[in-house]
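# Close look at the chain arrangement
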Amino acid sequence: MSHPTDACPCAPRTGTVFTLLGKRWNGQIIDLLLQQPARFGQLVAALPGLSNRVLTERLTELQEAGVVTRDAGQYTLTTRGEGLRPAIDALATWSEPRPAVDPAGNSCLDLDFRGVWEAFSYAGDRVRDALDQRVQHRAGMPLSYFELLVQLRYAPGGQLRMSELAAATGSKPSRITHAVNRLEQAGWITRDSHPTDGRGCTATLTDQGIQAMDAARPEYVRVVREHVLGPLTPAEQHQLRVLCEKILASFSDTAHADDPSAD
């Protein structure tokens, strides 16, 4: 006999999605329309075994769900339907047989895996290069300094311990110390002893620092919108965040937080 304590504390988030996609042919119809718009006869030809009657029922159901629309005899996906692209792409990738990756071997340098790594690495480099150039041109500061000021801007009281700055930016303590020295010389932050811990120091954002950060912010936001958020759908943005969080979770960040030299 089950008891209330046996209940799972979580709840499914995808009931509506699988109610729609779980019906035979619906997922395949959406997959085809993600590739290009199609006429009724083209869908029938692409899906052997699907009768005209069932296809009509499925297309009607998808239109009522706001996923598919019909215009000039062609069926296309709506914006809502296009939002399924990351999920369908992920399912297509999952269904392909993939050799196991040996972290100690050279398989990650094979063509498929190298393509994934190079796309990720090159895209990241291009975005950071653009951010660095725009921020440097606009406010006369390196991107890493701007990101430190942002962390302080959104911290309670505009203040963080040196170890907290290092952890928040993923930087080594020595780099944080050097950057804070330069920012202090510019008048953008002040550095003081921690009120309750004599061994530590805190960095506090000044009004001049806020002005410098606000001068660079429009260019920073423009790059992020043009090259990261703009090309992606909301669903793809969420997927990108999940993937990046999985990558970050594979690293141990305790070295920054536990290293007393950061203060």
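Here the focus is the pairing of strand E3 (residues 74-77). Where burial is concerned, the two faces of E3 differ: the one with Tyr75 and Leu77 is buried and the one with Gln74 and Thr76 is not. Summarising the sheet, strand E1 (residues 38-39) and E3 pair through 2 bridges and their orientation is antiparallel. Each bridged residue has a counterpart across the sheet, and for Ala38 the counterpart in E3 is Tyr75. Across 4 bridges, strand E2 (residues 68-71) lies against E3 in antiparallel orientation. The partner of Asp71 across the bridge, within E3, is Gln74. Counted between consecutive antiparallel strands, the loop separating E2 from E3 contains 2 residues, among which Ala72 sits at a positive phi close to 55 degrees.

This part takes up the sheet that holds strand E5 (residues 189-193). Pairing is antiparallel across the open sheet formed by 3 strands, whose spatial order is E4-E6-E5. Looking at strand neighbours, the two that pair on one side only are strand E4 (159-161) and E5, the edges of this open sheet. Looking at each pair of strands side by side, their axes are set apart by 25 degrees on average, direction ignored. Bridge analysis of E4 against strand E6 (residues 201-205) gives 3 bridges, and the strand direction is antiparallel. Residue pairing for E6: Arg161 is matched across the bridge by Thr202.

Reading guide: rules and limits
Residues numbered from 1 in each chain as written. Predicted model: local features only at pLDDT ≥ 70, side-chain atom pairs only at ≥ 80, totals over all residues. Heavy atoms only, no water. Buried < 20%, exposed > 50% of the residue type's maximum accessible area, 1.4 Å probe, protein only. Helix = DSSP H or I, 4+ residues; strand = E, 2+ residues; numbered from the N terminus. Pairing = 2+ DSSP bridges. Axes fitted to C-alpha atoms, helices over the stretch in contact; angles between N-to-C directions.

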